[in-house]
Amino acid sequence: MPEHADGPGHHPLPARPIRIAAAQAQARAGDIEANTATAAAMIREAAAAGARLVVFPEKFLSGYEPDLIQSDPLRHAVQPDDPRLGPITDACRETGVAAVVGAAFHDQGDLYVSALVIGTRGELVTRYDKQHLFKSERKIYRAGTAGCTLELDGWRLGLGICYDSGFPEHARAAALDGCHAYVVGALFSAGNGYHESRTWFPARALDNTCYAVMANHIGTTGGWNTCGSSAIWGPDGRPLAEAGPDQPQLITADLDPRTLHAVRDAEPMLRDLPATTTHPRDRHQLT
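Scoring rules and cut-offs
Residues numbered from 1 in each chain as written. Predicted model: local features only at pLDDT ≥ 70, side-chain atom pairs only at ≥ 80, totals over all residues. Heavy atoms only, no water. Phe/Tyr/Trp six-rings, centres within 6.5 Å; stacked < 30°, edge-to-face > 60°. Lys NZ or Arg CZ within 6 Å of the ring centre and 35° of its normal. Buried < 20%, exposed > 50% of the residue type's maximum accessible area, 1.4 Å probe, protein only. Pairing = 2+ DSSP bridges. Helix = DSSP H or I, 4+ residues; strand = E, 2+ residues; numbered from the N terminus. Axes fitted to C-alpha atoms, helices over the stretch in contact; angles between N-to-C directions. UniProt positions renumbered as here; feature names shortened; annotations may be inferred.

**Q** What am I meant to see in the packing of aromatic side chains here?
**A** The tally for this structure, following the rule as stated, stands at eight aromatic pairs. Ring centres of Y163 and F167 lie 5.1 Å apart, and the angle between their planes is 80 degrees; on these two criteria the pair is classed as edge-to-face. Linked through ring pairs, F134, Y163, F167, F188, W200, F201 and W233 together constitute an aromatic cluster. For K59, the ring lying beneath its charged end belongs to Y64, and the centroid distance is 3.8 Å.

**Q** Could you clarify how one ought to interpret unusual backbone geometry in this entry?
**A** Negative phi is the rule for most residues except glycine; trans is the rule for most peptide bonds. One non-glycine residue with positive phi stands out, namely K59, at about 50 degrees. Given a relative accessible area of 0%, K59 falls into the buried group.

**Q** Looking at this structure, I do not really get the sheet that holds strand β6 (residues 147-152). What am I missing?
**A** Strand pairing within a sheet occurs via backbone hydrogen bonds; the two strands may be parallel or antiparallel. In spatial order, the strands read β13-β12-β9-β8-β7-β6-β15; together these seven strands make up an open sheet with mixed pairing. Since the sheet does not close on itself, it has two edges, and those belong to β13 (239-242) and β15 (281-285), each with one partner. Neighbour-to-neighbour, the strand axes of this sheet turn through a mean angle of 20 degrees, independent of strand direction. Where β6 and β15 come together, five bridges link them in parallel fashion. If you follow L150 over to β15, its bridge partner there is H284.

**Q** Looking at this structure, I do not really get the UniProt feature "domain: CN hydrolase" (unreviewed entry) in the protein. What am I missing?
**A** Following the UniProt record, the feature "domain: CN hydrolase" (unreviewed entry) maps to residues 18-257 here. Secondary structure over residues 18-257 splits into 27% helix and 32% strand, and the C-alpha atoms at its two ends are 9 Å apart.

**Q** I keep staring at the sheet that holds strand β2 (residues 53-55) and nothing clicks. Help me out?
**A** Taken in spatial order, the six strands make up an open sheet running β5-β4-β3-β2-β1-β14, and their pairing is mixed. In this open sheet, the two strands that pair with only one neighbour each are β5 (124-129) and β14 (249-255). Mean inter-strand twist for the sheet, computed between neighbouring axes without regard to direction, equals 30 degrees. Across five bridges, the pairing between strand β4 (residues 110-118) and β5 is antiparallel. Counted as the bridge partner of V117 is T126 from β5.

**Q** What exactly am I supposed to notice about the pairing of β4 here?
**A** In the case of a regular strand, side chains alternate between the two sheet surfaces. The buried fraction of β4 amounts to eight of the nine residues, a majority that puts the element mostly inside the structure. In this structure, strand β3 (residues 98-107) lies alongside β4, joined through nine bridges in antiparallel fashion. Across the sheet, residue F105 finds its bridge partner in β4, namely Y112. From the end of β4 to the start of β5, which pair antiparallel, there are five residues, and G122 there has a positive phi angle of about 85 degrees.

Here it is as structure tokens:
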């Protein structure tokens, strides 16, 4: 494949494909220990499937559960240096797989809807805090102030959480930072939520000619009847893999730089985008 700069930031395409997994399972309400054990088992499953990174749903470690989390944040939200993350950090270190795990996070008296990034050596690399809070979340959580770009095996991955993905500017900010994929943990419900996810994610993918990865809940959590159907889309907006609506499942897809090259040549919107102001972003290298 020829050397190719892929956007306004002139970031080169990755040298080789990467396999990414999206995991869905039933979260137990407020039970961080049980949900951490489930996540650790699915990280090992992802490793056996050859994945380098696995993403989990929004607030998976406690379930969505806003009232429960607000009632006792020390018990039902993750804290800095939380020892309950041990099974996940062990699984990542022992398998060499990175993970993006949804959690309510309690820090210095404030609650956040966060994505915890665990590196391939088992370290907590960073956390991304949801920037676009749903209306019912604004009474409880503080919004994040910066986007987040990860780099793994030469792939730049932009993080989002659920409602973030409904704002085209959020994924576009990732693309302007050279991201090759938009990676989101979410809660989409049966009915309109399924329609939203199948509208937003193909649009985010094609608008920015990047891959899109979405991990969703199954079952009921926080009063929401969720629709599962975690999925991965190609940079042309076409689906590559989709889970079922109501069963624990892990799906994978190979993200291929040759496909990015071909789609971005055929659909040059990102390359032709006029220079624009970018927003603050944190950047982290995963090893």
